[in-house]
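The lines below spell out each chain.
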Amino acid sequence: SLQEVIASGSSVQDDYATIFLDVIPIRTPPRYTASDEYLPPKYGRPVTFNAEQEWGRYHVLPRVEDSGRWENIPICKPSLMEFDMEDTYDVPTATAAALIAEDKNGVNEEKKESLSVVTSSKKEEQPTKPIKKHDLVACTWASSYYETRSGFSSHDDGQYRLQQWIEFHLLSGFDHVYIYDNSYAFLNNTEKNAARSTLKDVTDLYSPNQVTHVPWPAKICNNNRGTGDNKGERSSQYAAESSCRLRFGAHTKWIASFDMDEYLIPMGNFTNMKDVLSSVEEKKKKENGGDGYEPKVLIFTSYPAKPRLDFLQDPNLTDFTCGSKKCFQPIVPNNVTYLQTYNCDKEKPPRQETKPAEKQIYQSDFVLLHFVHYSAITVNSALGPDETRQAGMNYIRRAHHKHDYKFDEENEAIMLHSRAISGRQTFNWNNSCKLENTGACTIGIPLPSGIAPTVGGQNKDENGDVYRDGNGYACNCYVHENIENYWVPRLETALKERAKLNK
């Protein structure tokens with residue numbers, strides 16, 4: 001069957017596809033009326049849309065020339081064959097086909113013959129569920145060169161950031177990470193000289209069983225400049241996330257998409273994210289006398305941390321004048337980790353002030369479409385009224401959040417957001433960082449150990465005096481002891497060991 005041919009990978013010959021797909025989107029008019037008028041019949045809603053009234057009696061839905069048709073999309077090998085050369089499905093048909101295809105690389109005749117027998121005896125068997133190779137994976141869209149979304153600054157530290165990000169998340173329990181390398185979008189842009197290298201040098205430091213490098217040359221279509229509410233669309237990033245979910249999500253239980261400046265850190269007594277996930281599952285199932293729910297979407301919030309002054313390169317080496325005030329380039333030296341430099345949060349957990357754009361770890365079999373911060377379509381939300389009731393659930397027209405769970409930041413996991421700041425964001429730092437109201441200072445001045453920041457930006461001792469460092473700068477952030485004393489040393493050791501292995 002066509003399904004078997006595609007699943008076996010045999011339709012790709014000498015790295016060329018032999019099966020192609022055309023996609024013709026059917027466009028409906030702008031939905032000024034009730035959105036449920038356009039739902040499929042299974043939802044049981046009245047269908048009031050009239051195609052003849054909208055387009056006339058001789059319409060085509062739509063005409064090919066007006067359809068936005070995508071032609072001749074090549075059907076490639078299944079993802080794990082393409083990137084790992086391993087079996088994709090847990091049935092003998094696909095397994096045999098994949099191994100037989102490796103004959104060019106030395107599969108012996110005896111093994112090939114035995115596999116052929118198994119295949120022929122299972123001819124009617126169709127590929128079913130993909131193998132769950134992993135429990136937890138991460139996807140990230142990254143580049144050796146990148147610009148801040150507001151367009152204020154550009155950065156070329158992508159390689160350093162990515163290696164530390166990969167190393168940390170492998171240490172903390174992720175089975176595999178998939179790197180969508182957007183450096184390829186800039187390779188021919190002579191104005192962005194720093195982007196002439198890709199991230200492949202970094203991903204090649206790791207085993208293919210740990211890291212997959214996906215060249216991703218798709219450019220951002222609309223990235224609005226300035227500080228307005230509409231920062232534009234990062235279409236390349238959105239497409240990368242969807243690709244990762246579709247290509248690799250079927251082969252893992254849990255999947256997470258977040259950026260290389262975001263660290264998901266086990267907290268409390270946990271040192272492995274898979275242990276955190278298992279604990280959360282058990283805890284929620286035992287609630288309500290053993291009648292709890294299975295968490296399938298795990299949420300973590302964040303707020304940008306501040307880069308600590310004592311770990312940045314000496315400001316006197318990179319200072320410049322912006323306007324009439326003093327600024328400097330906040331550079332993280334190569335011998336210091338971003339994890340330690342940015343271990344300086346505005347609040348002690350549990351944090352009250354966070355950004356609305358949350359991130360999630362989700363079960364790939366439950367979330368059918370994930371869009372950056374949210375689970376847009378789930379198995380439950382795709383059900384119509386009758387299907388929902390047959391599944392023993394009440395049907396409501398708004399989204400179900402029954403399976404959502406928010407991490408306990410003190411005892412389970414927390415996100416540290418090491419978002420880069422530009423030189424211009426240090427405007428007048430030598431004065432603003434001495435003010436009692438510390439909100440204007442973008443540089444991290446840690447509070448003494450054990451002292452938690454106070455809400456409102458003024459951190460004072462029992463005498464009413466603002467906590468200050470030895471240079472008179474007002475303390476404005478909290479150092480997580482778990483990160484500082486456990487994770488930073490582990491990451492530093494791992495990076496040194498990696499360097500020895502790759503000499």
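What counts and how
Residue numbers run consecutively from 1 along every chain, following the written order of its sequence. Predicted model: local features are reported for residues with pLDDT of at least 70 only, side-chain atom pairs are reported and counted for 80 or more only, and whole-chain, interface and lining totals are derived from all residues. Side-chain measures were taken over the full set of non-hydrogen atoms in the model, leaving aside hydrogen atoms and water. The term nonpolar core refers to a set of buried residues drawn from Ala, Val, Leu, Ile, Met, Phe, Trp, Tyr and Cys, joined through side-chain atoms within 4.5 Å. A 1.4 Å probe rolled over the protein chains alone gives each residue an accessible area, and that area as a share of the maximum for its type sets the label: buried under 20%, exposed over 50%, partly exposed in between. Only heavy atoms matter for contacts: two residues are in contact if any of them lie within 4.5 Å across the pair. When a carboxyl oxygen of Asp or Glu is within 4 Å of a side-chain nitrogen of Lys or Arg, the pair counts as a salt bridge. Every helix listed is a DSSP run of H or I at least four residues long, and every strand listed is a run of E at least two residues long, numbered separately from the N terminus. One less than the number of residues in a helix, times 1.5 Å, gives the span that helix is expected to have. Take the seven residues that end at a residue and the seven that start at it, fit an axis to each, and the angle between those axes is the bend at that residue. Two strands pair under a simple rule: DSSP has to find at least two bridges between them. Angles here are taken between N-to-C directions and fall from 0 to 180 degrees, while the axes themselves are lines fitted to C-alpha atoms, restricted in helices to the stretch in contact. Candidate patch residues must exceed 30% relative accessible area and have no salt bridge, after which like charges are joined if within 9 Å and Val, Leu, Ile, Met, Phe, Trp or Tyr side chains if within 5 Å. Values of accessible area rely on a 1.4 Å probe in the Shrake-Rupley scheme; residue burial ignores everything except the protein chains shown. For this analysis, a polar contact is any N or O atom pair within 3.5 Å, provided that within protein one partner can donate a hydrogen and the other can accept it, and provided that sequence-adjacent residues contribute only side-chain to side-chain pairs. Working definition: roughly parallel below 35 degrees, roughly antiparallel above 145 degrees, roughly perpendicular at 65 to 115 degrees, and oblique for all remaining angles. When the near helix sits turned anticlockwise from the far one by under a right angle, the crossing is termed left-handed; a clockwise turn instead gives a right-handed crossing. Cysteine sulfur atoms are paired as a disulfide whenever they fall within 2.5 Å. pLDDT expresses how confident the predictor is about each individual residue, on a scale running from 0 to 100. Whether two aromatic rings pair depends on their centres lying within 6.5 Å, for rings of Phe, Tyr and Trp, where Trp uses its six-membered ring; planes under 30 degrees apart make the pair stacked, over 60 edge-to-face, and the rest tilted.

Engineer: Teacher, can you tell me more about the nonpolar core here?
Structural biologist: In globular proteins that are soluble, nonpolar side chains generally tend to be buried together. Judged by nonpolar contacts, the single largest core of 33 residues is most densely connected at Trp165, Ile166, Met273, Ile361 and Phe407. Ignoring any residue separated from it by four or fewer positions in sequence, one finds Met273 in contact with Leu136, Ser172, Gly173, Phe174, Leu264, Pro266, Ile361, Phe407 and Ala413. Ile265, Phe328, Val332 and Ile421 belong to the second-largest nonpolar core, a separate cluster that totals 31 residues.

Engineer: Would you explain the pattern of salt bridges in this entry?
Structural biologist: When the charged atoms of two side chains lie near each other, side chains of opposite charge can form a pair. Within this structure, the stated rule accounts for 17 salt bridges. In this structure, Arg308 and Glu484 form a salt bridge, with 2.9 Å as the shortest nitrogen-oxygen distance. Residue Arg308 is found in the loop between β12 (297-300) and α10 (315-318), and its partner Glu484 is found in helix α14 (residues 481-501); the two are separated by 176 residues along the sequence. Of the two residues, Arg308 and Glu484, neither departs from the other in class, the shared state being buried. Salt-bridge contacts for Arg351 lead to Glu409; the nearest nitrogen and oxygen are separated by 2.9 Å.

Engineer: Can you walk me through α14 in this structure?
Structural biologist: In this model α14 runs 30 Å from its N-terminal to its C-terminal C-alpha over 21 residues, within 8% of the 30 Å that 1.5 Å per residue would give. Of all the bends in α14, the greatest reaches close to 35° and is centred on Trp487; the proline Pro489 follows between one and four positions later. Residues Ile483, Glu484, Trp487, Val488, Leu491, Ala494, Leu495 and Arg498 constitute the buried set of α14. On its buried side, α14 packs onto α6 (158-171), β11 (262-266) and α11 (338-341).

Engineer: What is the right way to read the sheet that holds strand β8 (residues 176-181) from this model?
Structural biologist: Two modes of strand pairing occur in sheets, parallel and antiparallel, and in both the strands are linked by backbone hydrogen bonds. Read across the open sheet, the seven strands follow the order β9-β8-β5-β10-β15-β12-β18; overall the sheet is mixed. With partners counted over all chains shown, the strands left at the sheet margins are β9 (211-215) and β18 (404-406), one partner each. With direction set aside, neighbouring strand axes in the sheet form an average angle of 20°. Relative to strand β15 (residues 359-363), β12 runs antiparallel, the two sharing four bridges. Counted as the bridge partner of Ile299 is Gln360 from β15. Across the sheet, α6 touches β5 (134-142), β8 and β9, and the angle it forms with β8 is around 160°.

Engineer: What exactly am I supposed to notice about a nonpolar patch on the surface here?
Structural biologist: There is a patch of nonpolar side chains on the surface, built from Leu368, Leu369, Ile377 and Val379 and spanning about 270 Å² of accessible area. Within the secondary structure, Val379 is located in the loop between β17 (374-378) and α12 (385-390). Residue classification places Val379 among the partly exposed positions, given a relative accessible area of 33%.

Engineer: In this structure, what is going on with the side chain of Gln360? I would like to understand it.
Structural biologist: Of note, Gln360 is situated in strand β15. Gln360 sits in the buried class, given a relative accessible area of 2%. In terms of polar contacts, Gln360 uses its side chain to reach the side chain of His370, at 2.8 Å. A polar contact of 2.8 Å, which involves the side chain of Gln360, links it to the side chain of Ser375. Ignoring anything within four residues of it in the chain, the contact list for Gln360 reads Ile255, Ala256, Ser257, Val297, Leu298, Ile299, Phe300, His370, His373, Tyr374 and Ser375.

Engineer: Even after reading the chapter, I still don't get the pairing of β9, so can you show me in this structure?
Structural biologist: Each regular strand carries side chains that alternate between the two faces of the sheet. Counted residue by residue, β9 has four buried out of five residues, so it is predominantly covered. Direction of pairing for β8 relative to β9: parallel, over a ladder of five bridges. Note that in β9 the partner of Tyr178 across the bridge is Thr212.

Engineer: I would appreciate a short explanation of the packing of α6 against α14 in the present structure.
Structural biologist: Angle between the axes and distance between the axes: these two values describe a pair of packed helices. The N-to-C vectors of α6 and α14 enclose an angle of 115°; their axes lie 10 Å apart at closest approach. Classified by the interaxial angle, the pair formed by α6 and α14 is roughly perpendicular. In terms of crossing hand, the pair formed by α6 and α14 is right-handed. For the pair α6 and α14, the contacting residues are Gln163, Gln164, Glu167, Phe168 and Leu171 in the first and Trp487, Arg490, Leu491, Ala494, Leu495 and Arg498 in the second.

Engineer: Would you explain unusual backbone geometry in this entry?
Structural biologist: The phi torsion of most residues other than glycine is negative, and most of the peptide bonds are trans. The residue after Pro349, namely Pro350, is reached through a cis peptide bond having omega 0°. Turning to its location among the elements, Pro350 is positioned in the loop between α11 and β15. Unlike most non-glycine residues, Asp15 shows phi in positive territory, near 70°. Looking at the secondary structure, you find Asp15 in the loop between β1 (12-13) and β2 (16-17). Of the residues examined, Asp15 reaches a relative accessible area of 66% and is grouped as exposed.

Engineer: Honestly, the state of the cysteines in this entry has me stumped. Any pointers?
Structural biologist: What the rule picks out here adds up to four disulfides. Paired through a disulfide, Cys139 and Cys244 show a sulfur-sulfur distance of 1.9 Å. Taking the torsion about the sulfur-sulfur bond, which here is approximately -70°, the covalent link between Cys139 and Cys244 counts as left-handed. Here Cys139 is found in strand β5, whereas its partner Cys244 is found in helix α8 (residues 235-248), with 105 residues between them in sequence.

Engineer: Help me understand the confidence of the model for the protein chain in this model?
Structural biologist: Regions with low pLDDT should not have their predicted coordinates read in detail. On average, residues of the protein chain score 81 in pLDDT, and 76% of them reach the 70 mark or higher. Contacts for the low-pLDDT stretch residues 87-127, under 50 throughout, to residues beyond four places or in other chains number 60 contacts.

Engineer: Looking at this model, I keep getting lost on the packing of aromatic side chains. Mind explaining?
Structural biologist: Pairs of aromatic rings are described using the distance from one ring centre to the other and the angle between the two planes. Tallied over the entire structure, the rule returns 14 aromatic pairs. Aromatic side chains Tyr145 and Phe186 sit 5.6 Å apart centroid to centroid with 70° between the ring planes, which places their arrangement in the edge-to-face category. Of this pair, Tyr145 sits in the loop between β5 and β6 (146-147) while Phe186 sits in the loop between β8 and α7 (200-203), placing them 41 residues apart in sequence. Of the two residues examined, Tyr145 and Phe186, each falls in the buried class. Taken together, the ring pairs connect Trp165, Phe174, Phe258, Phe300, Tyr405 and Phe407 into an aromatic cluster.

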